[in-house]
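Now for the letters of each chain:
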Amino acid sequence: MSRQLSSLLAIAAVCVTLAPAPAIAEATPAPAQGAKSTAAKKTAKAKKPVNCSQVKCLALTFDDGPGKYAGKLLDTLKKYDAKATFFLEGQYVKARPQFVKRMVAEGHELGNHSYSHPDFTKSDGAKIRDEIKKTQDAVKKAAGVEPKLLRPPYGLTDLQVSDIATEFGMPIILWTAGSKDWSSKNVKAIQKQTLAVAEQNGIILMHDWVKQTVDGMPALIKTLKNKGYHLVTVSEVIKDQKLEPGDAFPLPEGWEQ
Ligand code: NI
């Protein structure tokens with residue numbers, strides 16, 4: 001549906017460029033066609049189809065939560081019909097299960113970010129497995145689902161982490177750029193940095209425990225939408241990557257393709 005619509009729009013755009021007059025005539029529908037087109041638009045809106053190989057998609061990701069401002073963030077995301085991905089820390093899932101439940105109910109994606117945030121590259125296998133498993137269990141208890149993505153603490157990963165992610169059936173999701181919210185803790189700086197690094201199918205690192213990130217989110221979302229971005233989950237932006245469990249994306253520096 002969306003692909004067809006996009007093709008038509010693409011054709012229409014070409015028509016406008018090549019032959020303005022007929023295109024304008026075509027663009028003015030007869031009443032019957034107008035009704036049909038409104039119905040089609042309504043269907044499209046209900047399904048919210050987004051093809052990230054054709055439109056500018058961006059995945060905002062929030063780590064270490066659910067933080068104490070998660071409720072306010074969820075309200076904002078709902079208001080602007082934006083989806084996000086939350087890389088949750090098990091200990092906070094246990095402390096604030098109501099937010100996890102809301103995240104799932106409102107169409108956001110969940111990822112596993114360990115239970116207590118140790119550096120996985122300095123942990124033994126048993127510790128890593130325990131951290132991942134305890135968080136999977138906590139999320140399942142809170143919201144009835146299990147995360148399908150892993151983001152190791154600090155984004156630090158190695159072959160051992162990769163092997164264990166494979167055991168859990170999860171790809172490792174890092175980020176294409178950071179908002180630097182945890183270091184600036186300044187609304188304007190967070191917005192400026194995020195807008196500077198936003199790109200098609202980008203994955204942006206943010207934190208829902210940073211108050212200024214949550215406070216600045218309405219204005220940031222409005223600006224991103226004005227720039228043509230569709231705010232979607234990580235799974236949407238990585239669709240074309242065809243990642244296998246244990247694969248890391250984007251590849252950490254120094255890793256071979
Ligand atoms: Ni973290």
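Going by the structure above, here's the rest.
Being a predicted model, the structure only gives us computed values, none of them experimental.

## As for helix 12 (residues 217–226)
- Inspection of helix 12 places Met217, Leu220, Ile221 and Leu224 among the buried residues, and these make up the whole buried set. Taken down its axis, helix 12 places every buried residue within 95° of arc, on the same side.
- On its buried side, helix 12 packs onto strand 1 (57–65), helix 4 (70–79), helix 10 (187–197), strand 6 (202–207), helix 11 (211–215) and strand 7 (230–231).
- Of the residues flanking the end of helix 12, it is Gly228, one or two places downstream, whose phi is positive at about 95°.

## What to know about the state of the cysteines
- Overall, the coordinates contain one disulfide when judged by the stated rule.
- Two residues share a disulfide in this structure: Cys52 and Cys57, whose sulfurs sit 2.1 Å from each other. The sign of the S-S torsion, about -80°, decides the handedness of the disulfide formed by Cys52 and Cys57: left-handed. Across the pair, Cys57 and Cys52 agree in class, each one buried.

## Description of the side chain of Asn112
- Tracing the chain through its elements places Asn112 in strand 3 (residues 109–112).
- Looking at Asn112, its side chain comes within polar contact range of the main-chain nitrogen of Ser114, at 2.9 Å.
- Discounting chain neighbours no more than four positions away, the residues touching Asn112 are Phe87, Leu88, Ile132, Thr135, Gln136, Pro147, Leu149, Leu150, Arg151 and Met170.

## Focus on the coordination of the nickel ion
- The nickel ion binds to the protein through Asp64 (OD), His113 (NE2) and His117 (NE2), with metal-donor distances spanning 2.1 Å.
- Taken in chain order, the donor set of the nickel ion reads D-x48-H-x3-H. With Asp64 in strand 1 and His113 in the loop between strand 3 and helix 7 (125–143), the pair connects residues that are 49 residues apart, well separated along the chain. One exposure class covers both Asp64 and His113, and it is buried.

Cut-offs used in this document
Residues numbered from 1 in each chain as written. Predicted model: local features only at pLDDT ≥ 70, side-chain atom pairs only at ≥ 80, totals over all residues. Heavy atoms only, no water. Buried < 20%, exposed > 50% of the residue type's maximum accessible area, 1.4 Å probe, protein only. Helix = DSSP H or I, 4+ residues; strand = E, 2+ residues; numbered from the N terminus. Arc of directions from axis to C-beta. Contact = heavy atoms within 4.5 Å. Disulfide = S-S within 2.5 Å. Polar contact = N/O pair within 3.5 Å; in protein donor to acceptor, adjacent residues only side chain to side chain. Donors = N, O, S within 2.8 Å, 3.2 Å for Na, K, Ca; no water.

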